[in-house]
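Remarks on the overall topology
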Amino acid sequence: MRASLASSIAVTCAAVLALPVSPAASAAAEVLAQPPAASALPPAPDLSGSTQSLPLGPLGPSSRAGGPGEQGLTRRDVKPFSLVGVVWDDPRAPLHGTVQVRTRATGTDTWSEWQDVETHNDEHGADPDTAEGTSRALRGSTAPLWVGDSDGVEIRVRAEAGETGGAAPLPAGLRLELVDPGEDPDTTRDTEPVLETEPGPEPGTEVEQAADTGPYAGEPAETETETGPEPEAEPVSRATLPQTRAGVAPAAVAPEATTPPIIPSLPPFPSMPPFPTPAATVAGGTQAAPPPTPAQPAPAPLSLSGLLAGLGAIDSRLTPYLAPWLPLLPKEAAEAVAPFLPRTPASGSEPQDPAQDQAKDPAQEVDQIQDQAQDLAQTPAVAAAAPFVGPRPAIVTRKGWGADESIREKTFVYTNTIKAAFVHHSATGNNYTCAQAPSVLRSIYRYHVLSSGWRDFGYNFAVDKCGNIYEGRAGGVDRPVLGAHTLGFNTSTMGIAVLGTFSKSAPPAASVTAVARLTAWKLGLHGINPVGTVTLTSGGGNLYAKGTKVKFHAIAGHRDGFATDCPGSLLYGKLGTARTSAASYQGR
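No experiment lies behind these values; they were computed from the predicted model shown.

Our next topic: the overall build of the protein. If you tally the helices and strands in the protein, you get 13 helices and 20 strands. Each of the 588 residues in the protein was classed as buried or not, and the buried ones make up 54%. Summed over its atoms, the accessible surface of the protein is roughly 24,200 Å², and 54% of this surface lies on carbon and sulfur atoms.

Pasting the structure below:
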């Protein structure tokens, strides 16, 4: 299978690069061409990880007598873990109370102080009437909390006193989930690393972007269930653009610094001359194209836009096999690719089976994309259009952060379009380094799927404290994947989780900047102005009844659609900055 796939990749890339192009496109073709090494598939990574599920017992007298009281576990030794959460049987039963944990760092006798676990997590989920929202696998759950490498735990869950002095009973079937993320994926070390380890300045400190080249030059920075090695990897359908770098070098842990992160990118994209006008329309005459032979009619010339778009459309099908990360794609190329992106069927909610894509003849798909590229490159309406699409930022793919594709649902579900982005905080705490972010993501992923019963990672994207951007729910970073992030408003939206808790701590400037860059690109693909407003229809929630039409900012906070603290007051206060910056990145 691997040999066949490698052959198909080589044929595909060769076919696109063989398209007739104008001299102005030759430089871009040279930059975007796949090197020979990229045609070989790497070995399937060892994505081991584990989840310990421990039932809670009564701690207080009232609990032993059947009252609400207190449940938990006394101090005990356990297998290593890094993330904790609590689940219970009925997803509709709220947990009215507090959850606190203490953990012991692995290999030490040092116990942490009591840490609060966010109990209100039901608003981060699938819409009520969807297949995912009504699944029998669903459980009630708290937010997960990252505690770092630990081998001891103590937990207490206390019922909240009611207005009349009594306490509501705790949900039935309370269990403590201890998640070990496993090892980071083994990626090649001879390439430029993606993960930065410096979170950047505190918000409000004005610093100039350290990079002096590229599309952001000179812009200020915005202030026990176990799985072993994964079997032969199933492709994640239609993720985007594989590039010349085939791996991600693990970043070394560095102390917190005050310099802004440098968004990783490829070598400077060559300066592009204006798109050449086809020979037939140039005033004053031009060199004629070589005369066609009887057996082979002369193909129409392909502009640089067409070339980049053709590459992007093909590469979106190949990325799952090759790329642990996607490098920054300049604004010109992002805008050129946009008209060629695969469109979702009108129903938008049909499960998309990856096997359908795998069954296609690669040669036929190449021919189809060639035709699309030729046709659209010659369409005046497309050429005259002025899309406002920001540069695609560098994105760490699911392969890059080590997602175990064997645990999620095997089909994808899409919505029709993306009209708005909801920003969240993960509520997992701020006690992580950027080098640990992939481990945090793998832990959240296991908790969402194996502990809470979701079909996949809930958010469409995640952002760490250094401004690195990660692919979330599977289905393709350029596709309108239906997430489970904003109960009642998952349709026609995307969810971005900033890793951390920002109710009392300010978000790093690099994270706010990353949100702006991501939304400038993704909302731009769907023609959305980040400083504008959109109207969405509620699927049901505690703030808006089902069927209610609600006007939102195009970049909104979770609390705008649901009565919740998320994304934390201090991150919510930065969304205005993210909107104006995103519009600027789009060129508005």
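Anyway, onward from the coordinates.
Because an α-helix completes one turn every 3.6 residues, residues spaced three or four positions apart along the sequence face the same direction. What helix α13 (residues 575-585) keeps buried is the set L575, A578, R579, S581, A582, A583 and Y585. Against the buried residues of α13 lie α5 (331-337), β14 (420-425), α11 (509-525), β19 (549-553), β20 (555-557) and α12 (569-572). Following α13 by one or two positions, G587 has its phi on the positive side, about 90°.

Along the polypeptide, V413 turns up in strand β13 (residues 412-413). A relative accessible area of 15% means that V413 is categorised as buried. Along the sequence, V413 and A474 sit 61 residues apart, while their C-alpha atoms lie 9.3 Å from each other.

According to the stated counting rule, one finds 1 disulfide in the structure shown. The disulfide partner of C434 is C466, and the gap between their sulfur atoms is 2.1 Å. In this structure the cystine formed by C434 and C466 twists about its S-S bond by roughly 95°; its chirality is therefore right-handed. Of this pair, C434 sits in the loop between β14 and α10 (437-451) while C466 sits in the loop between β15 (461-463) and β16 (469-471), and the two are 32 residues apart along the sequence. Exposure remark for C434: the relative accessible area of 2% places this residue in the buried category. Exposure remark for C466: the relative accessible area of 1% places this residue in the buried category.

Turning next to the confidence of the model for the protein. Looking at the protein, the pLDDT average stands at 73 and 58% of residues meet or exceed 70. Low pLDDT (under 50) marks residues 344-362, which in the prediction has 35 contacts with non-local residues, meaning those over four places away or in another chain.

In this section: the packing of aromatic side chains. Inspection of every chain in the model, using the stated rule, returns 8 aromatic pairs. A ring pair is formed by F422 and F489, whose centres lie 6.3 Å apart and whose planes are at 40°; its orientation type is tilted. With F422 in strand β14 and F489 in the loop between β16 and β17 (493-498), the pair connects residues that are 67 residues apart, well separated along the chain. Each of the two residues, F422 as well as F489, counts as buried. An angle of 65° between the planes, with centres 5.9 Å apart, marks the rings of F457 and Y459 as edge-to-face. A single burial state applies to F457 and to Y459, both of which are buried. Taken together, W401, Y445, F457 and Y459 form an aromatic cluster joined through their ring pairs. Between R75 and the ring centre of W111, over which it is positioned, the NZ or CZ distance is 4.5 Å. When the ring centre of Y445 is taken as reference, the NZ or CZ atom of R398 above it lies at 5.0 Å.

Thresholds applied
- Residues numbered from 1 in each chain as written.
- Predicted model: local features only at pLDDT ≥ 70, side-chain atom pairs only at ≥ 80, totals over all residues.
- Heavy atoms only, no water.
- Helix = DSSP H or I, 4+ residues; strand = E, 2+ residues; numbered from the N terminus.
- Buried < 20%, exposed > 50% of the residue type's maximum accessible area, 1.4 Å probe, protein only.
- Areas by Shrake-Rupley, 256 points an atom, 1.4 Å probe, with all protein chains shown as cover.
- Contact = heavy atoms within 4.5 Å.
- Disulfide = S-S within 2.5 Å.
- pLDDT = per-residue confidence, 0-100.
- Phe/Tyr/Trp six-rings, centres within 6.5 Å; stacked < 30°, edge-to-face > 60°.
- Lys NZ or Arg CZ within 6 Å of the ring centre and 35° of its normal.

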